[in-house]
Amino acid sequence: MNRPIRRVTIFMGILLLAVVINLNWVQVVHGPAYRDNAANQRVQLDEYKRQRGLIALSGSGTQIAESVATTDALAYLRKYANGPLYAPITGFNSLYYGQSGIESAEDPVLSGSDDRLFVQRITNLITGRDPRGGNVIVTINKQAQTAAYQAMGNRRGAVVAMDPKTGAILAAVSTPSFDPNALSSHSAEGIKKAWAADNADPDQPMLNRAFDQTYPPGSVFKVVVSAAALKKTKADGKPAYTPASRIPAVNSLTLPGTTTQLRNFDGEQCADGKTDTLDHALTISCNTAFAQLGMTLGTEAIRDEAALFGIDDSDSSVPVRVAGSTVGPIQDQAALAQSSIGQRDVRITPLQGAMIAAAVANGGDLMTPYLVSEEQGPNLATLSHTDPTQLHQVMDSGQAAELTQMMEDVVNNGTGTAAQIPGIKVAGKTGTADNGPQRADGSYINAPHAWFSGFAPADNPRIAVAVIIENGGVAGNETTGGLAAAPVAKQVMQAYLDSIGVK
Amino acid sequence: MSTAVRSRSAGRSDRRLPTRRSTELLYVVMAAIIVGCAEAIVEITRDNKVSSHVATYAAVTLAIGVIAHIAIRRTARYADPLMLPCAVFLVGLGLVMIHRLDLGLAQQASEQGGTYAGVAAASQVVWAFIGLVVFLTVLLVVRDHRVLQRYAYTLALIGLFLLLMPAVLPARFSEVNGARIWIRVAGFSIQPGEISKICLTIFAAAYLVSKRDVLSLAGRRVLGVDLPRGRDLGPLLLAWLVSIGVLVRDHDLGTSLMFFGLFVVLLYVATERVSWVIIGVLLFIGGCYISYQFFGTVKERVNVWLHVFAYLQDQGYQMSQSLFGLGTGGLFGAGLGGGRPELVPVAKSDFILSSFGEELGLFGLVAILAVYVIFISRGFATSLAVRDSFGKMLVTGMAFSFGLQLFVVAGGVSRLLPETGLTTPFLSYGGSSLVANFGLLALLIRVSDAARRPPTTPPSEVTTDSGPVPITVDGAQ
């Protein structure tokens, strides 16, 4: 009987060896993957024991997110002063649903796990001080942000403002917003309830419209087409177009290869119904003129120009994730005509809308947009400081000056008069973008989006701003886009210029 | 493993062979010291101060060890010296972890604004002492393991009744976390599988010893393997049916695998015929396949096992939390008290090994498994050394089922096997499990005493205490 017992013993040994080998796999080889799994709360729970750093505004020093000591076991509660106002920037930091916004993008610094904080952690270990996370200073301007949020009111949409000279993002508003405090509380039930409510809301309050949502730009895209035209040269090297050049501007354009008629808003006539100047076509936002101009310039020219402005299909980060803007596939001339007036498959983020204005405002130099101006250690020592960098040279300063003048005309006596600020020159472009499903006759079921993209002061630009109000326009009426969105832009620009003392 | 500590206190009659009782006592003391240190680490990590629990758990471990030790000294002085220390060490360590999980759950409850009223550790202490009483009773009543043969069929009935009881009872009396392996009456819940395991092991050992000659008869020879005669397949088929019944009714692959594996191994040991093993393995695989195909609950369990992260929030929650714990623990662990093992639902009973994996890391977990390996290997060593067939079969069965249970549980928490409701012997929270394993320990110690007792020494008080014993000589039937 002893021989089979010995064999059974060996078999038992093999079974337990298999367990040990499997444990090596689970705990060591695959262990880090399990540890970092998003659904694993352990690392996050540890971080709750450490005081998370602040998120503060660079100019005013206003703290928009801080961790305060509590008496419960999680030790620190994340609090967002003015949560809904700054939600597109801060994001949330939830025990159950992970993180978003700066909380996610700058998590290593805020939580204190960043490698640059290693020495600090060791020091704390020795001195017995509780480790803390570092701080993140964002470029947001309190006055611009507040003005934008208030001006938007209950309407769905977004506002993004940036400093055209540096690329610093001055305002990023998404409405309706959500309260990150509710998602970052210590009440499991409260968190789940808030999460469910925010997700069930048809207005999608947790969608970060400023950075993460793309919209058809409509006539705002005509600024890009204008820039492409102004850069076009004739065989002798001289510019092919100036703002005064007369371009075809018929009342109705048959799209090549189709029977579809492309008309102006409300079937209006631009100038004499045959030609119009480039300047005036932009001022009154003449669709047929720009559709024809785009077809004349060609797909390559439009696509290349759009890419220089940043519309290049690629996601980016500021470091909050920004969705990629695109001009779409543009398969034929008909698509090119529609794309040239910012319809068809052209989609841009509100941030991209601000970048279009910023590129023109800064003499053709498009600066890389950024949201974080400084990262600090817990001892307030600077870990990193963001220096402005140029993203693209979109056009030369002469072309930028011409385009600025054209955009000033839009605000002075075109579709964007609602953006006028007394005593300050404002430049901009309105948009009324058709979107969503169409009826059988080609008309749109939903009201068009209202856009405004502009900057001020036009002679020394300090702020570039883009405003989109979802379904804020009236179908077939270009001025309605300007009427809805331009006043918001005006208030943002005015609030910011007041705060920095520009009169 | 044992050191050369020689007992001077043993009786005069056994000078030639050391009883190693002092070795046992020394190891029991060491186990208690480690348990005290472990509790101290938990408390320092969590609260930066040490409470009276440190002394309590060390004292409980020491008390159980020493009382059991004295009983062994009196009634089984040649018993293996390592089994008891291993067992009390695991019980003590289990107490520390159960208390640590109590603390964690209380904290979790306060974080979520509730309160946790659990005092699992305290009730485990009570169960440990009840286990000790069972241990002493078995050791004192069963003075010679061979008497158990007489009650083989009675024990088989009790075992089967206990095993099938949860499957027959309505789910509200038998189901905990989807596995129907409980009997829950009036606030008490016992897992009868643990007790029936021992009963059925005794029965199988006795039955197979008496039938081994018949079962060894060769039938036809196919592919170089001697197949048994068709009419001898009956008992195996019965065991198979019961196992598959348990699998389908209770949704528990672990229990099913354990019982069938136990029976096949004992059949193999009794007959020395590999053909039985091959038939058994084929039957089991076939049975599992058929259950998988025809029973949705079995299929669902397997799917959760294979794609645990697809069921992250529901059926796969416990498993994925266990994997997260083990993975977060890594090589060295978070330290006792430093992890979050309470995130795994019912960590203290089914998933206590993953708690150790999280806080002690791979090293600590393998060290604990090594203690089990010592215990199991002492069991197999006893079965090799004991002279009677029944003793060999009994101890092989107990050591194998103990090891198989460990394999099923450890494999379950690390997703080598589908998860099961089985407990980790000695370590897990749970009265029935603890009590049953103390009974098993008593039997192992009883047989190991018989195995190591010098052949010349008369079977001491046995005959006077429990009457004449029918001595079954190896192969006499």
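All of these numbers come straight from a predicted model, not from anything done at the bench. (Residues numbered from 1 in each chain as written. Chains lettered and ligands numbered in written order. Predicted model: local features only at pLDDT ≥ 70, side-chain atom pairs only at ≥ 80, totals over all residues.)

Caption draft 1: How the structure looks around the overall build of chain B. From N to C terminus, chain B includes 16 helices and 4 strands. Taking all 477 residues of chain B together, the buried fraction comes to 53%. Pairs at least 24 apart in sequence give 71% of the contacts found in chain B among residues at least 6 apart. (Helix = DSSP H or I, 4+ residues; strand = E, 2+ residues; numbered from the N terminus. Buried ≥ 20, exposed ≤ 12 C-beta atoms within 10 Å, placed from the backbone. Contact = placed C-beta atoms within 7 Å.)

Caption draft 2: Representation of the interface of chain B and chain A in the model. The interface is formed by 42 residues belonging to chain B together with 36 residues belonging to chain A. Listed by contribution, the elements that provide at least two residues to the side of chain B that touches chain A are helix H3 (83–111), helix H9 (253–271), helix H12 (317–329), helix H13 (352–385) and helix H14 (389–413) of chain B. When residues of the side of chain B that touches chain A are assigned to their parent elements, the largest contribution, 11 residues, is made by H13 of chain B. Its residues assigned to classes, the side of chain B that touches chain A shows 21 nonpolar, 17 polar and 4 charged. (Nonpolar A, V, L, I, M, F, W, Y, C, P; charged D, E, K, R; others polar.)

Caption draft 3: The arrangement of the nonpolar core in detail. Ranked by internal contacts, the top residues of the largest apolar core, which has 141 residues, are Ala 87, Ala 205, Leu 266 and Ile 445 of chain B. Of the residues forming this core, the biggest block, 15 residues, is contributed by H14 of chain B. Those residues in contact with Ala 205 of chain B, other than ones at most four positions away along the chain, are Leu 266, Phe 390, Met 393, Leu 394 and Gly 397 of chain B. With 132 residues, the next largest nonpolar core counts Val 136, Val 225, Ala 291 and Ile 330 of chain A among its residues. (Core = buried A, V, L, I, M, F, W, Y, C linked by C-beta atoms within 7 Å.)

Caption draft 4: Expanded view of the sheet that holds strand S20 (residues 449–456) of chain A. Residues and elements named next belong to chain A. Spatial strand order, S8-S7-S21-S20-S19: 5 strands in an open sheet with antiparallel pairing. A strand with exactly one partner marks an edge of an open sheet, and here the two such strands are strand S8 (169–175) and strand S19 (427–433). Strand-to-strand twist of the sheet, defined as the mean angle between neighbouring strand axes without regard to direction, takes the value 5°. With 7 bridges joining them, S20 and strand S21 (residues 463–469) adopt antiparallel strand pairing. Paired with Gly 454 across the bridge in S21 is Val 465. The sheet strands contacting helix H17 (residues 350–361) are strand S7 (157–162), S19, S20 and S21, and the helix crosses S21 at an angle near 145°. (Pairing = 2+ DSSP bridges. Axes fitted to C-alpha atoms, helices over the stretch in contact; angles between N-to-C directions.)

Caption draft 5: A look at the sheet that holds strand S6 (residues 135–138) of chain A. Residues and elements named next belong to chain A. Across the sheet, 6 strands lie side by side as S3-S2-S1-S6-S16-S17; this open sheet has mixed pairing. Both outer strands of the open sheet, strand S3 (76–79) and strand S17 (382–385), are each paired with one neighbouring strand and no more. With direction set aside, neighbouring strand axes in the sheet form an average angle of 25°. Of the pairings in the sheet, the one linking S6 to strand S16 (residues 372–376) comprises 4 bridges and is antiparallel in character. In the sheet register, Ile 137 faces S16, and the bridge partner there is Glu 374.

Caption draft 6: Broad picture of unusual backbone geometry. All names here are of chain A. Each neighbour pair has its own omega, and for Val 318 with Pro 319 the value is 0°, a cis peptide bond. Tracing the sequence through the fold places Pro 319 in the loop between strand S13 (316–317) and strand S14 (321–322). In this model, Ala 456 is joined to Pro 457 through a cis peptide bond whose omega is -15°. Here Pro 457 shows up in the loop between S20 and S21. In the Ramachandran plot, Asn 471 falls in the positive-phi region, its phi being about 50° despite a non-glycine side chain. Here Asn 471 lies in the loop between S21 and helix H19 (478–499). Asn 471 gets classed as partly exposed once you count the C-beta atoms within 10 Å, which come to 19.

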